[in-house]
Each structure stands twice: as structure tokens, then as C-alpha cells.
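One-letter residues, chain by chain:
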Amino acid sequence: MYSMSFVSSRLESMASRIRSGDRLDEKTFQDHEIMVTPFPSVWGNSIKSMRMTFEDAQDRLSVFERFERPFVFDHLPTPLSGKLKMMIEALDERGEVLPGSGEQFGFEIESPDVVAEEVSDQEVSDQEDTPQAAQALLTSSDEPAAGTGPALLAEPAPLATAALIAPESFTTLRIEAEDLSDDDGDGNASSIGGAGIEVVTGGDNPSNTANASGTAYVDFGGATGETLTFTFSVTEAGEYELALGYALSQNGDGSDRNRPLRLDVNGELQDRMFDLPSTTLTGDATDFSEFGERTIRVQLQAGENTVSFTSNGASGPNVDYLEVRAPDPDVFVIQGEDLDIGSTSDVADAGTNRVVTLDNIASFTNGRETFRVGAEGASYLDWASGNAEAYGDFTLEVATAGTYSVTVTYASSSARPIGLFLIDEGTPGQIGTFQFAAVTAPNYYPDDVDDVPADNQPGNGGPSAWEAGRPRRWRSPWPRAAIPCVWAARPTGRTSTRSRWRYWRPMRWSLSIR
């Protein structure tokens, strides 16, 4: 379906054709880019972007997208020596995978002494983004019409900052799910609770344990009430990245499925529906042989920490490990509820932007609005209805010039486009439009909602598109909308999204979604 070739920078020359099964020198990735060319097909002009997913020799996933023809994937990380799996997929104008467009490749990377490079600032999505994440693509707007830009705020939006743990100061921790008694003596261990959850070792299921680290995993047996807890210690409090290694088959008809788990960190709810979509793409409902990862950023305390995953209505996947990592300093995560939405917000007025929490949902409008349980952190921004002046702003400082992707996770029952603006030295300019499309409802409603007021739960007791959403960092399925942006490290600017938001970074950028 696709032709792949190494090309030199600036497309000055083609180095070589790449075929599945090739043995590749790691240095080639340092000196060249990869050009992907779709063969003529029924998709034709429906292909609006391409997605490339890496799975390296340590089972780590990295996802990249390119939005313009020719589809050239530049600034790729140098893969670890060993086996490299690659998936190429074609996406339509809404960022959804075109049916049957996925093609898998496998390579052997040579050069055992080379350490994998950090993913560059060209990476459209870090490991939190999965191939299942629905992406809404940019509608370009190089020259916005006069009068269409958002009104400037009197003051810049707050600077988005986080107490990130520096990569050089932290060594990644991996806790195997089956390490129930700290067999490796590192002081970190796991525990399980519930009727059907159990450790599965190689002899119990050779085909599904073969690719698991330690040839063992923890299997969630029942639909609800089973918990896997990881206990570990860090010396410094701050923001870390958690990566859960797991395997999940597809449905028997070849469609993907999802088995979200509730995620709690140190006893506090982090995500009620932490999405865990299919990783083994064989159309065999019993095949859990291929493992992938899902990541999320969390705040950890100095000393001992616990991270728990609990089934709450959809069972769970086969879990291999939890890794605790220093987060990528060039990736920023800003919660919708932390955006600057101005001073006109009124919880009783659906025509204003409103931050929604479990504590205030009962006060919204008529007191019977449904709380969206799929939101990370049990809080989200409810966008104003019918208000063209509504906005959400934020400011970032970026230290590395380059192309960044601004990605929003959301839930919606209908198409609702919103513009993205950059306010640079006092002048707003529209960068593009988030084409927020309707999302599909999840196949279950979690059963651990005692903290949600009864009047703010779905009237039919089941999920709707508003309970869906996001792929990570997004989850359940809260899809994402992405816009690529080129930023320089330069003086302070501001950005805006219309009906507006602000996103950016080595400079001070202010973005607004409107």
C-alpha cells in the first residue's frame, strides 16, 4: 500500500528504498528522513495526512504525523538496536484512520553501541498518543479576514508551568505487574485484589506471554472490582510520566475495542476512564500477543507513591508493567480547566465558558446537567453555547524553535469547529481551525460514580457521546484535534482560540482558542 524511502534533507536526493525485513543502520536515521508515498488506491484524495507509529526493541511506542504532501517524516528519533516495528496509516480530513489503510513493517536495527536519541520537537505526538486516537486536522487560515480576529485581553494569559522532573536527574523505574513480592529487591512492587485478577506466566499461555517482559502479565478476569496497584518511591516531588505496558486484542470482526481502567494516584482519582485500546491488530479476539503503552502525566510526592488501576465495568487488558519516567521537557500538558476564560463565567449560564467539577455540577443551569465522567482529573471546561466571544487562553515559554502540534482532547455530540489564534506582539493572527467532530459513545458507563450527584448522571443510566473522549492524555474515547504550528524562540507573544484558546513554548507565546 505504501512505498518508503530514505531521503536526504531538503529532499535533495533519494538514498534508498525501504522494505519490510531490511536490516538498517541506525546512522541512516540520523542523516536521512523517511518519505512515505501511498500507492494508487480507492482512498485517492481522501488521504489528508499520514501517521507513522514506532515500537522499538523495548516495546516503547512513538507516534508521528505529517500533514502535507509529500509525506516526509523528518527529525525522527534514532531507534534502539534490535527489532523495530512500524505501522503506517492514512488519515482523512477529520483525522480518522481510513478503513484498511494500515500496513505493518518490521526492521532489524544494527549498531548495539548507539543510545536512542530523544524524540525531536517535530514529533506530533508523544507516547500518550496512540494510533487509535481520533485526530481533527487543521483547516489552514494564513490570512484571516479583517475583523475576524479575537479581541485582545487586557492582560496576558497566565504562564503555563509545571514542576517537571529533569531527565538527567531521574532514572526510569520499571515495576513488573507480576512482581508481587519485590523479587528483584529494588523496593518497588505490585499487588492485586479482586476475585478474578491473576498473574499469568509463560507456561499458562505461551502465545500471549511471549512478548511480555519477564514472560508474565496480570490478567483482569471480571468486568468490575479488580485492582492492580504499583508501589514505588521517588526522591523528588514533581510531575512525572507514567507508562502502562499492556496488551488487548481486537474484536473478532477486526474492529478495535477499548477497556478503560480507573486510575488513582496516592488514593486520589486521576482518570475514571483511562483508555486502553487494542494493541494486537489481528482480528482474533483471543490474541493478546502484541503489547503497547499508554502514558499520562501525574504529580508524585517525594517518598512512597501508589498507582492503582481498577476495573469499573469493562474488565481490563493484560498488564505487563508500569514505568515511571521524567517527562519530555518539550511537551506541555495544560488541562482545559486551567485555561484563562475571563471574568464573565457563570455556572448558571450555559452561554459562558464554565469550569466543571464534581463540587459545582449541581449548580449548573437547571441543576440536572450531566457530568462528563470521562474527563481526566474529574474536571473539564464546558464551552459556551452560542457565544462567539467565548475564549480560553494560555501562555507558554518555548526554548526550542521548531514545529509543534497543538492538540486538544474533547467530547462532543456534534461538529463544533473552534479557531486557534496566536497573539504576537499585540496582533492576533488565526493559525487554523480545530475541526471538532462528533465522537462515538463508549460501550459502557462506569459503575464507580457514587461521587457524582444522582441528578447529574445520565437519565438512561448509560453513556452518550459526551462521556466519550480523548485518547490520553488524553481517553475514553475523548478524541483529539491537532494543529501543526511553527514557532521560533523569540520575544513574548500571545495566542488565542475563537468561540478561543492559547497554546505554545522558548519564548513566551500566548495562544487563544475561540
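Residues numbered from 1 in each chain as written. Predicted model: local features only at pLDDT ≥ 70, side-chain atom pairs only at ≥ 80, totals over all residues. Heavy atoms only, no water.

A. Local environment of the nonpolar core. Counting residues in hydrophobic clusters, the biggest one holds 37 residues, and the most contacted among them are Phe230, Phe232, Phe309 and Val324. The greatest single-element share of this core, amounting to 5 residues, is contributed by strand β17 (residues 238–247). Listed in part, the 25 residues of the second largest apolar core include Phe6, Phe29, Met52 and Ile88. (Core = buried A, V, L, I, M, F, W, Y, C linked by side-chain atoms within 4.5 Å. Buried < 20%, exposed > 50% of the residue type's maximum accessible area, 1.4 Å probe, protein only. Helix = DSSP H or I, 4+ residues; strand = E, 2+ residues; numbered from the N terminus.)

B. Spotlight on the pattern of salt bridges. Applying the stated criterion to the full structure yields 18 salt bridges. As a salt-bridge pair, Arg94 and Glu96 come within 2.8 Å of each other at their nearest N and O atoms. Here Glu293 and Arg325 are joined by a salt bridge, their closest N and O atoms 2.6 Å apart. Residue Glu293 is located in strand β20 (residues 291–300), and its partner Arg325 is located in strand β22 (residues 318–325); the two are separated by 32 residues in the primary sequence. With respect to class, Glu293 is no different from Arg325; both count as buried. (Salt bridge = Lys/Arg side-chain N within 4 Å of Asp/Glu carboxyl O.)

C. The sheet that holds strand β16 (residues 224–234), seen in detail. Strands sit in the order β13-β16-β21-β18-β19 across an open sheet of 5 strands; the sheet is antiparallel. Every interior strand has two partners, whereas the edge strands, β13 (189–193) and β19 (268–274), have only one. Here the strands of the sheet are splayed against their neighbours by 20° on average, with no regard to which way each runs. One ladder, built from 9 bridges, connects β16 with strand β21 (residues 303–312); its direction is antiparallel. Among the inter-strand pairings, Thr224 is bridged to a residue of β21, identified as Asn312. (Pairing = 2+ DSSP bridges. Axes fitted to C-alpha atoms, helices over the stretch in contact; angles between N-to-C directions.)

D. Spatial organisation of the confidence of the model for the protein chain. Scored by pLDDT, the protein chain comes out at a mean of 77, with 76% of its residues at no less than 70. In this model residues 114–162 is a low-confidence stretch, pLDDT under 50, and it forms 164 contacts with partners more than four residues away in sequence or in other chains. (pLDDT = per-residue confidence, 0-100. Contact = heavy atoms within 4.5 Å.)

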